Amino acid sequence: MSVTVGEIRRKTVAWFTERGVPTPEIDADWLLSAALKIPRLQVLLQFERPLSSEELARIRALVARRGKREPLAWILGERGFHNVELYVDADVLDPRPDTETLVEAALELLPLDAPEPVYLADVGCGTGAVGLAIAAARPQVRLYATDLSEAALENTRRNVARLDLGARVAVLRGDLLSPIPADRPIDWVVSNPPYIPSGAIEALMPEVSTWEPRVALDGGPDGLQIVRRLADRAASRARRGFLVEIGHDQGEQTAKILRQAGFEGVRVLRDLAGRQRVVTGLSRSPSAE
Ligand SMILES: C[S@@+](CC[C@H](N)C(=O)[O-])C[C@H]1O[C@@H](n2cnc3c(N)ncnc32)[C@H](O)[C@@H]1O
């Protein structure tokens, strides 16, 4: 007798629970939906449906990967982020919902009717999530997306093509702002840099500590090494200001770093859960518009 959708879902949820997967039902539904190529709701409506041996093999392959705590977005290959659907390749940070706070903060500073064009640098672009979500929502934005990791840049390029933003985006490899030629204007620098203290990485959940690339996480001994370097460089290049994502306990220190770098009107913003998430600062002498 063949196995049904309902039975495989029940076994998957039980196995994920045993393996410590944080949201076993949700993940089981996403994976069944991907393997069977049906919407998630249909998974719940087709419990009695018997599975073919090919379908069962496809489900087992995906479920085995998640059981090893590989990030769900890598297995599905996609993730919705703010206003965009992104490809998420292996070896690149899976964009977090918390990071949408950074996008929202940037959109507030970039009204739809702002004079064109506005030059934005997204440092440490990963999948391209932050910069591409902003560029998709603001037609005046010209984006430089930079990263050290070739895997990240390849992922960003795929997303630039997917979102049809090629005419407004340059994808550049290198340290922080250095790949952006010195004679090119930059109005705003946005970044979700690595900010986890080196010693805290091992204690994070396996999806992060085992699978995600260390270069995307490790912010040095106190987590703020890259933020410090970037604040200095942003202060000397950004004509309008700097926005940076932080850990929930890094607001005060980061605000001090931005002030010392020369930014004014420094603010610490909170995410939807009420935790410190983003610090913003304005450049001293805004460019003439
Ligand atoms: C926390 S991830 C953020 C990825 C993406 N922006 C997001 O929010 O989902 C940090 C990214 O910074 C990149 N990175 C680390 N050090 C860097 C450096 N010195 N210069 C440029 N990018 C760097 C990593 O490769 C990684 O893609």
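Residues numbered from 1 in each chain as written. Predicted model: local features only at pLDDT ≥ 70, side-chain atom pairs only at ≥ 80, totals over all residues. Heavy atoms only, no water.

1. Re helix 4 (residues 53-67)
Helix length check: helix 4 (15 residues) gives 21 Å between terminal C-alpha atoms against 21 Å at 1.5 Å per residue, within 8%. What helix 4 keeps buried is the set Glu55, Leu56, Ile59, Leu62, Val63, Arg66 and Gly67. The buried residues of helix 4 occupy an angular sector of 140 degrees when the element is viewed end-on, so they sit on one face. Of the exposed residues in helix 4, those oriented more than 90 degrees away from the buried face are Ser53, Glu54 and Arg60. Where helix 4 is buried, its residues touch helix 1 (5-18), helix 2 (24-36), helix 5 (72-76) and helix 9 (206-211). One or two steps after helix 4, the chain reaches Arg69, where phi turns positive at roughly 70 degrees. (Helix = DSSP H or I, 4+ residues; strand = E, 2+ residues; numbered from the N terminus. Expected span 1.5 Å × (residues − 1). Buried < 20%, exposed > 50% of the residue type's maximum accessible area, 1.4 Å probe, protein only. Arc of directions from axis to C-beta. Contact = heavy atoms within 4.5 Å.)

2. Looking at the site of the ligand
The environment of the ligand is formed by 20 residues, the closest being Gly124, Asp147, Asp175, Leu176 and Asn192. A distance of 3.3 Å separates a nitrogen atom of the ligand from a polar atom in the backbone of Cys125. Within the contact set of the ligand, an oxygen atom lies 2.8 Å away from a side-chain nitrogen or oxygen of Asn192. Relative to its unbound accessible surface of 600 Å², the ligand loses 96% to contact with the protein. Here the shell around the ligand is composed, by residue class, of eleven nonpolar, six polar and three charged. (Near = heavy atom within 4 Å. Polar contact = N/O pair within 3.5 Å; in protein donor to acceptor, adjacent residues only side chain to side chain. Areas by Shrake-Rupley, 256 points an atom, 1.4 Å probe, with all protein chains shown as cover. Nonpolar A, V, L, I, M, F, W, Y, C, P; charged D, E, K, R; others polar.)

3. Re the pairing of strand 2 (residues 84-87)
What you see with strand 2 is a clean split: Val84 and Leu86 sit on the buried side and Glu85 and Tyr87 on the side with no burial. As judged from the four bridges shared by strand 1 (residues 78-81) and strand 2, these two strands associate in the antiparallel manner. Bridge pairing links Gly80 to Glu85 in strand 2. The turn linking strand 1 back onto strand 2 is made up of two residues, and His82 within it adopts a positive phi angle of 50 degrees. (Pairing = 2+ DSSP bridges.)

4. Some thoughts on the packing of aromatic side chains
What the rule picks out here adds up to four aromatic pairs. Between Trp15 and Phe16 the ring centres are 6.3 Å apart and the planes differ by 35 degrees, which places this aromatic pair in the tilted class. Taking relative accessible area as the criterion, Trp15 reaches 33% and is therefore assigned partly exposed. Aromatic side chains Trp74 and Trp211 sit 6.3 Å apart centroid to centroid with 85 degrees between the ring planes, which places their arrangement in the edge-to-face category. On the criterion of sequence distance, the pair formed by Trp74 in helix 5 and Trp211 in helix 9 is long-range, its members being 137 residues apart. By relative accessible area, which is 7% here, Trp74 ends up buried. One cation-aromatic arrangement involves Arg162 over Tyr87; the distance from NZ or CZ to the ring centre is 4.2 Å. (Phe/Tyr/Trp six-rings, centres within 6.5 Å; stacked < 30°, edge-to-face > 60°. Lys NZ or Arg CZ within 6 Å of the ring centre and 35° of its normal.)

5. Thoughts on the pattern of salt bridges
Summed over all chains, the structure comprises 24 salt bridges. Here Asp29 ties to Arg9 by a salt bridge, and the two come within 2.6 Å at their closest N and O atoms. With Asp29 in helix 2 and Arg9 in helix 1, this pair connects stretches of sequence that are 20 residues apart. Judged by its relative accessible area of 9%, Asp29 falls in the buried class. The exposure class assigned to Arg9 is buried, which follows from its relative accessible area of 15%. Arg229 serves as the salt-bridge partner of Asp175, at 2.8 Å between the closest nitrogen and oxygen. One end of the pair, Asp175, is in the loop between strand 5 (169-173) and strand 6 (186-191); the other, Arg229, is in helix 10 (residues 225-237), with 54 residues separating them in the sequence. When its relative accessible area of 32% is taken as the criterion, Arg229 is described as partly exposed. One salt-bridge network, in which partners are shared between bridges, spans Asp27, Arg66, Arg69 and Glu207. (Salt bridge = Lys/Arg side-chain N within 4 Å of Asp/Glu carboxyl O.)

6. Considerations on the sheet that holds strand 7 (residues 238-245)
Taking strand neighbours across the sheet as the criterion, the seven strands line up as 5-4-3-6-7-9-8 in an open arrangement whose pairing is mixed. Looking at strand neighbours, the two that pair on one side only are strand 5 and strand 8 (264-270), the edges of this open sheet. Adjacent strand axes in the sheet meet at a mean angle of 15 degrees when their direction is disregarded. Looking at chain direction, strand 8 and strand 9 (residues 276-282) are connected through five bridges and run antiparallel. (Axes fitted to C-alpha atoms, helices over the stretch in contact; angles between N-to-C directions.)

7. Considerations on the domain arrangement of the chain
When cut into domains, the chain gives domain 1 (5-68) and domain 2 (81-282). On a C-alpha basis, the centres of domain 1 and domain 2 stand 34 Å from each other. (Domains from an automatic or database assignment.)

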